[in-house]
Amino acid sequence: MKSTSLKKAIATAIGLTLGGSVMAADKHSTPLNMTQGATDISHEVYDLHMAIFYVCCVIGLAVFGVMFYSIFKHRKSKGAVAAKFHHSTTVEIIWTAVPLIILISMAIPAAKTLIAMEDTSEADMTVKITGLQWKWHYEYMGEDVSFYSQLNAEHNIARQLDSGVDVSQYHWYLKDVDNELVLPVGKKIRFLHTAADVIHAWWVPALAVKKDAIPGFINENWAMINEPGVYRGKCAELCGRDHGFMPVVVRAVSQEEFDAWLIEKKGGTAEPVAVAEAAPAAEGSNTAVATAGGGGAAAEVSMESQMARGGEVYAQQCAACHQVNGQGIPPTFPAITGSAVATGPVDAHIDIIANGKPGTAMAAFKGRLSDEDIAAVITFQRNGLGNSVGDSVQASQVAGN
Amino acid sequence: MSAAADSHHDDHHHGPEKNFVKRWLYTTNHKDLGTLYLWFAFAMFFVGGLMALVIRAELFSPGLQFVDPQFFNSMTTMHAIVMIFGGVMPAFVGLANWMIPMMIGGPDMALPRLNNWSFWIMPFALAIFLSTLLMDGGGPASGWTLYAPLSLQGGDSFAFVIVSIHFMGISSVMGSINIIATILNMRAPGMTLMKMPLFVWTWLITAFLLIAVIPVFAGAVTMLLTDRYFGTSFFSAAGGGDPVMYQHIFWFFGHPEVYILILPAFGIVSQIIPTFARKPLFGYSSMVYATGSIAFLSFIVWAHHMFTVGMPLAGELFFMFATMMIAVPTGVKVFNWIATMWRGSMTFETPMLFALGFVVMFTFGGFSGLMLAMTPADIQYHDTYFVVAHFHYVLVPGAIFSIIAACYYWLPKWTGNMYDERLGKIHFWSSTFFVNLLFFPMHFVGLAGMPRRIPDYNLQFADMNMWASIGAFGFGGSQLLLLYIVIKCIKGGEKATDQVWEGAEGLEWTVASPAPYHTFETPPEIK
Ligand SMILES: [Cu+2]
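A. Just the environment of Ile101(A), in detail. All names here are of chain A. With respect to the helices and strands, the residue Ile101 is situated in helix H3 (residues 89–118). You can call Ile101 exposed: its relative accessible area is 58%. Taking the C-alpha atoms as reference points, Ile101 and Gly367, separated by 266 residues in sequence, lie 58 Å from one another.

Listed below in structure tokens is the structure:
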């Protein structure tokens, strides 16, 4: 009775394990093992992972084999009579020494791979990666190209609590971004990691690259990608509310494509945010201080377009912390609705967005957003989200800050 | 209790106080306090378990269905702290209270009033901790590790979290002092150190670990507190501090802490297996030395939790080698248990089943631990569900199974009644089935790239997460059965003999069942 239930349990366990690996083999969309990746290092890491896994399997089979043999044979119900021995220095030495030897034989290749992973010398190019709550900033060092990268906007809507959106329609749900990090294959790329607010960790499994991004410090590691392709990863270090929603996407392309992409990036705008389509209001500084009631036809129009554009910027840049409805998550992230700053003097409002608030998660947006976008989002905050100050802020006001 | 009727019950040498409140509030009796600790831990296991079920409900399928991500984060954070500080540690202290004096032939703990105090701090500490959920900004949400600077964001509930951690720490340190004083001073004549039961040995070493590291943790969280409220910058680079220093200090506490959670479990299993194999423990002295070596090594491996923070290569290599070394004494333990079973005459009552389940599944967690020790691979595993699977294997079918095993093993001694063996077996098999359904799939999603501490995930992880969630609810439900079995056993059942188990050896089995309120007031003879 007992032995049959034990046998069944073992059979199930083996079935589960084997079943698991079979599934891993035939279901490509649902891998169940570590990726082999796209770099020499990631292959080495994979091999180490499998080697230590097999070592564990062999030890496990031996140890559990003996144990279950004993459980079946040496039971009272089978008439087993207990032996009296309780000590043997020889076996103690053997089962101390044998594992030690196995460990040393595993430590040597592991150390070799580790040394290679840490060798960031002689890189062909350098990308500086900054983690922010909750997006990434990429800067191609010496190329004057930099941009932000954050969760795909559609996914961002779908992932809200009670969004009512069926997330299974998105194949890359939570694994897709607005701006991919484009990298050339066959080049040794050095990554510099830092953060602006809290600790993040930039992780792309296929590159076997995971490094903490620590505010005030710079870490480094590297990758040389062998195969063109898209490689997806995630922020790996808990970084607050939306930690689960800051994916990483690397697109590896040939050197020529990369060069072309770089030129295009430099030629166009360095910012990913909607290009300044010349806000009509910006032309006249006289309308810049238009206040409620005093606005002429020009101010009316500009207010509308400011609001529309500001709403977009807000949804993309600010809603993560201050929430879509402007309620924030007090006390960490203040509400905009009814905020003393957002309903008070306009200068203070411009100041906090342009220059941020050091020591808090509120970053400086000057340089990150165009002056036009900042003006628009301020206008939006003052006249949307339940606020109705009535004034419209212009880029020229922001420029002076 | 069965103490002879006596008129002067205020004299503590005779029987328990009759007034319920006075008895439990004022008690200095090690058995009463052991009982309090165990019931408290049991309650906290359910509280922490409910938090785990919130997590698993949200992770049942992709998309956010039930909770805000911030609340999700505070569930993962609070689940861990409640389980570690409110569940596992008090449960082990409860077992120590009940059993150590009886196992070494002493009349009580060495410092009975301190004992009362260390217990009664706990309910207040946990109450403060749990009340942060109702405060502005919600409970702590930066993970149980409270890494700066993330832990410094958030509401003022933070100050309450710190104060409750200080209380929990004070309670543990006082408990440890008491255990050390008891073991070193209260042994019956002839009970030399190398004759002590292994449970006593492992607790002695654990208590020293606690005294060594709890103050370190207290220091770390105090620095967080001053960074937050008093303008210091220990962990802020902007003020010349270093966020990574927090992690070093934390894990200097945190790694020994994980051994604090497992060494007493080793002790329990080393008591139970010989009893049901009807054969003395194999390699007693090597078991003692292995425990000591593990405790020593636990102080020099802390940075293996930090392989991705950007340590110098030499540091990474050192911590990799030191971590791999831990497999040696841990292996010795497992081999000794199996050698104890070898050519024994085994029976499989519920305590033995849980102890064997411990050996198998703890070893399983040990294997994934060995994999994690390999730094290059750890860089892939780190902060994924693979790690979650690993430490839950060593803590749930590891530490918690050992606690359950201990409860079944000593319940007849505590209550005088046998528990329902049939239900106990059902409890074991359903717990074992569901615990594996819960944690085994986590290895796969972790390897496939699912980070830990996320409330939502891509479809590719959906199947495995669904299984894990079903396992979680099944496992949680199975523990209601344990509650029922314990209550039923207290209420009645087949009367237990003094010896209780045919193969049981040790002083605790020489006293009556249930154990009288006071035992070994005159020390026993040790042969
Ligand atoms: Cu992050």
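Still to come is the rest of the account.
B. Up close: the packing of aromatic side chains. Tallied over the entire structure, the rule returns 62 aromatic pairs over all chains. Between Phe217(B) and Phe253(B), the ring centres sit 4.1 Å apart and the planes meet at 5°, which makes this aromatic pair stacked. Here Phe217(B) is found in helix H6 (residues 198–229), whereas its partner Phe253(B) is found in helix H7 (residues 243–260), with 36 residues between them in sequence. Judged by relative accessible area, Phe217(B) falls into the buried class, the value being 3%. Each residue in the set Phe199(B), Phe276(B), Phe354(B), Phe401(B), Tyr408(B), Tyr409(B), Trp410(B), Tyr419(B), Phe428(B), Trp429(B), Trp501(B) and Trp509(B) is aromatic and connected to the rest through ring pairs, giving one cluster. One residue, Lys210(A), lies across the ring of Trp203(A), its end atom 4.1 Å from the ring centre. Above the plane of the ring of Trp172(A) lies Arg232(A), whose end atom (NZ or CZ) is 4.0 Å from the centre.

C. Inspection of the coordination of the copper ion at higher detail. Residues and elements named next belong to chain A. In the first shell of the copper ion, the protein supplies His200 (ND1), Cys235 (SG), Cys239 (SG) and Met246 (SD), at 2.0 to 2.6 Å from the metal. Of note is the copper ion, whose 4 donor atoms meet at the metal with angles of 93 to 131° in an arrangement that counts as tetrahedral. In terms of primary sequence, the donors binding the copper ion are separated according to H-x34-C-x3-C-x6-M. With His200 in strand S6 (residues 200–204) and Met246 in the loop between strand S9 (229–235) and strand S10 (247–253), this residue pair connects regions lying 46 residues apart in the sequence. Given a relative accessible area of 0%, His200 falls into the buried group. Take Met246: its relative accessible area is 1%, and that puts it in the buried class.

D. Representation of the sheet that holds strand S7 (residues 209–213) of chain A in the model. Residues and elements named next belong to chain A. Sheet architecture is open: 5 strands sit in the order S4-S10-S9-S6-S7, paired in mixed fashion. The outermost strands of the open sheet, each flanked by one partner alone, are strand S4 (181–184) and S7. For this sheet, the mean angle separating the axes of adjacent strands, direction not counted, is 25°. Note: S4 against S10, 4 bridges, orientation parallel. Within S10, the position partnered with Leu183 by the bridge is Ala252. Along the sheet, helix H5 (residues 255–267) makes contact with S4 and S10, crossing S4 at roughly 135°.

E. Seen up close, the nonpolar core. Within the largest apolar cluster, 229 residues are counted, with the highest numbers of intra-cluster contacts made by Trp203(B), Trp337(B) and Trp410(B). Ranked by the residues each element gives to this core, the list is headed by helix H3 (residues 69–104) of chain B, at 22 residues. In this structure Trp337(B) touches Phe266(B), Val269(B), Ser270(B), Ile273(B), Leu281(B), Met287(B), Phe358(B) and Val359(B), once residues within four positions along its chain are discounted. If you look at the next biggest cluster of nonpolar residues, it comprises 40 residues, including Val182(A), Val198(A), Ile225(A) and Ala252(A).

Cut-offs applied
Residues numbered from 1 in each chain as written. Chains lettered and ligands numbered in written order. Predicted model: local features only at pLDDT ≥ 70, side-chain atom pairs only at ≥ 80, totals over all residues. Heavy atoms only, no water. Helix = DSSP H or I, 4+ residues; strand = E, 2+ residues; numbered from the N terminus. Buried < 20%, exposed > 50% of the residue type's maximum accessible area, 1.4 Å probe, protein only. Phe/Tyr/Trp six-rings, centres within 6.5 Å; stacked < 30°, edge-to-face > 60°. Lys NZ or Arg CZ within 6 Å of the ring centre and 35° of its normal. Donors = N, O, S within 2.8 Å, 3.2 Å for Na, K, Ca; no water. Tetrahedral: all angles 85-135°; square planar, octahedral: opposite > 155°, others 65-115°. Pairing = 2+ DSSP bridges. Axes fitted to C-alpha atoms, helices over the stretch in contact; angles between N-to-C directions. Contact = heavy atoms within 4.5 Å. Core = buried A, V, L, I, M, F, W, Y, C linked by side-chain atoms within 4.5 Å.

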